[in-house]
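Now for the letters of each chain:
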Amino acid sequence: MKGPEIHISFAPGLGLFVPAPRRTGRTAVTTDGVSTLGHVVESLGVPLTEVGALLVDGERVPAAHVPAAGAEVEVHGVERPQEVPGAPLRFLLDVHLGTLARRLRLLGVDAAYESQDAGDAALAAQSARERRVMLSRDRGLLRRRELWAGAYVYSHRPDEQLRDVLERFAPPLAPWTRCTACNGELTGADKDEVGERLEHGTRRTYDVFARCTACERVYWRGAHHARLDEIVRTALAEFGGAPA
Ligand SMILES: [Zn+2]
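Quick notes on the rules
Residues numbered from 1 in each chain as written. Predicted model: local features only at pLDDT ≥ 70, side-chain atom pairs only at ≥ 80, totals over all residues. Domains from an automatic or database assignment. Contact = placed C-beta atoms within 7 Å. Nonpolar A, V, L, I, M, F, W, Y, C, P; charged D, E, K, R; others polar. Pairing = 2+ DSSP bridges. Helix = DSSP H or I, 4+ residues; strand = E, 2+ residues; numbered from the N terminus. UniProt positions renumbered as here; feature names shortened; annotations may be inferred. Buried ≥ 20, exposed ≤ 12 C-beta atoms within 10 Å, placed from the backbone. Core = buried A, V, L, I, M, F, W, Y, C linked by C-beta atoms within 7 Å. Axes fitted to C-alpha atoms, helices over the stretch in contact; angles between N-to-C directions.

Under an unreviewed UniProt entry, the name given to the protein is Mut7-C ubiquitin/RNAse domain-containing protein, and the organism recorded is Streptomyces kanasensis.

Put into structure tokens, the structure is as follows:
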């Protein structure tokens with residue numbers, strides 16, 4: 001049985017998710033007459049995490065709206081910065097995003113990540129349980145209903161991934177306050193407190209110490225931090241004034 005035909009157009013930023021013929025202008029879709037607009041959009045390849053306003057004949061509708069024959073549908077991308085109400089902003093990254101996780105932590109952004117793949121079901125459950133925004137390049141993972149919230153990471157390159165997340169969510173930045181190894185919070189520590197854990201040369205040369213409250217790892221500022229300093233400087237220059 002042939003269902004109603006609707007017309008649909010996608011914002012340019014969503015073009016990468018849909019087949020080439022649907023990337024520009026409006027195209028026809030035959031629906032089954034009972035599916036929600038959210039389902040129709042998703043079935044065309046677009047994760048709902050990436051969808052902002054849905055308009056039908058110029059009026060904003062929820063994803064649960066069931067489009068009728070002749071509907072003119074516009075699918076917009078998420079607004080940036082995107083608000084995620086209901087919990088403090090924190091993230092969960094899939095197994096492929098380790099570098100991004102460490103850079104977010106470097107900037108003080110709460111970024112849970114495990115280098116061993118927990119699997120999609122466990123990640124989605126953790127996102128729901130801890131109210132974390134799931135970051136992934138895996139559309140199947142982003143489609144899981146139990147996610148608290150999610151976002152597609154658009155680039156392969158860590159520096160672009162970081163800009164993408166900082167621009168999209170505008171998290172408050174607090175560099176050098178979080179353990180890049182485990183996401184724990186850092187606390188100040190003095191040389192005497194951590195002295196026996198340090199090599200003699202380190203103990204002589206470096207003055208600023210911090211300790212991870214979760215894994216006990218010791219941090220000090222030294223020459224080997226030049227690259228990390230640069231990441232912090234660049235992020236603060238562009239995103240440091242962003243509101244919480
Ligand atoms: Zn730690």
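Each assigned domain of the protein is listed with its residue range as follows: domain 1 (5-77) and domain 2 (91-239). The C-alpha centroid of domain 2 is placed 35 Å from the C-alpha centroid of domain 1. Of the residues lining the interface, four residues belong to domain 1; the matching set on domain 2 comes to six residues. For the side of domain 1 that touches domain 2, the class distribution of residues is one nonpolar, one polar and two charged.

Strand order across the open sheet formed by four strands is β7-β6-β8-β9, with parallel pairing between neighbours. With partners counted over all chains shown, the strands left at the sheet margins are β7 (111-112) and β9 (149-152), one partner each. As paired strands, strand β6 (residues 91-93) and strand β8 (residues 133-136) are joined by three bridges and run parallel to one another. Bridging from a neighbouring strand, leucine 93 pairs with leucine 135 of β8.

On to the UniProt feature "domain: Ubiquitin Mut7-C" (unreviewed entry) in the protein. Residues annotated by UniProt as "domain: Ubiquitin Mut7-C" (unreviewed entry) correspond here to residues 4-82. Here residues 4-82 is 9% helix and 32% strand, with 33 Å between the C-alpha atoms at its ends.

Most of helix α2 (residues 98-106) is tucked away, with seven of its nine residues classed as buried. Of all the residues in α2, the buried ones are Leu100, Ala101, Arg102, Arg103, Leu104, Arg105 and Leu106. Glycine 108 occupies a position one or two residues after α2 and carries a positive phi of about 85°.

What follows deals with the pairing of strand β5 (residues 72-77). Direction of pairing for strand β1 (residues 5-10) relative to β5: parallel, over a ladder of four bridges. From the neighbouring strand, isoleucine 8 faces β5, where its bridge partner is valine 73.

What tends to happen in soluble globular proteins is that the nonpolar side chains get buried as a cluster. With 31 residues, the main nonpolar core has Phe91, Leu93, Leu104, Met134 and Leu135 as its most contacted residues. Secondary structure elements with two or more residues in this core: β6, α2, α3 (120-130), β8, α4 (139-142), β9, α5 (158-169) and α8 (226-239). Ignoring sequence-local partners within four residues, the contact set of methionine 134 consists of Leu92, Leu123, Ser127, Leu141, Leu142, Leu147 and Gly150. With 15 residues, the next largest nonpolar core counts Ile6, Ile8, Val40 and Val51 among its residues.

This brings us to the pairing of strand β3 (residues 51-56). Across a regular strand the side chains alternate sides, sitting on one face of the sheet and then on the other. Sheet topology note: the β3/β5 ladder contains four bridges and is antiparallel. Directly across from valine 51, in β5, lies its bridge partner glycine 77. Pairing of β3 with strand β4 (residues 59-61) involves three bridges; the strand directions are antiparallel. Looking at the pairing, leucine 55 lines up with arginine 60 of β4. What sits between β3 and β4 in their antiparallel hairpin is a turn of two residues, with aspartate 57 showing a positive phi close to 50°.

Within a beta sheet, neighbouring strands are joined by backbone hydrogen bonds and run either parallel or antiparallel to one another. Spatial ordering of the open sheet is given by β2-β1-β5-β3-β4, a layout of five strands whose pairing is mixed. Edge positions in the sheet fall to β2 (27-30) and β4, since each has one partner strand and no second. Along the sheet, successive strands turn relative to each other by an average axial angle of 35°, direction set aside.

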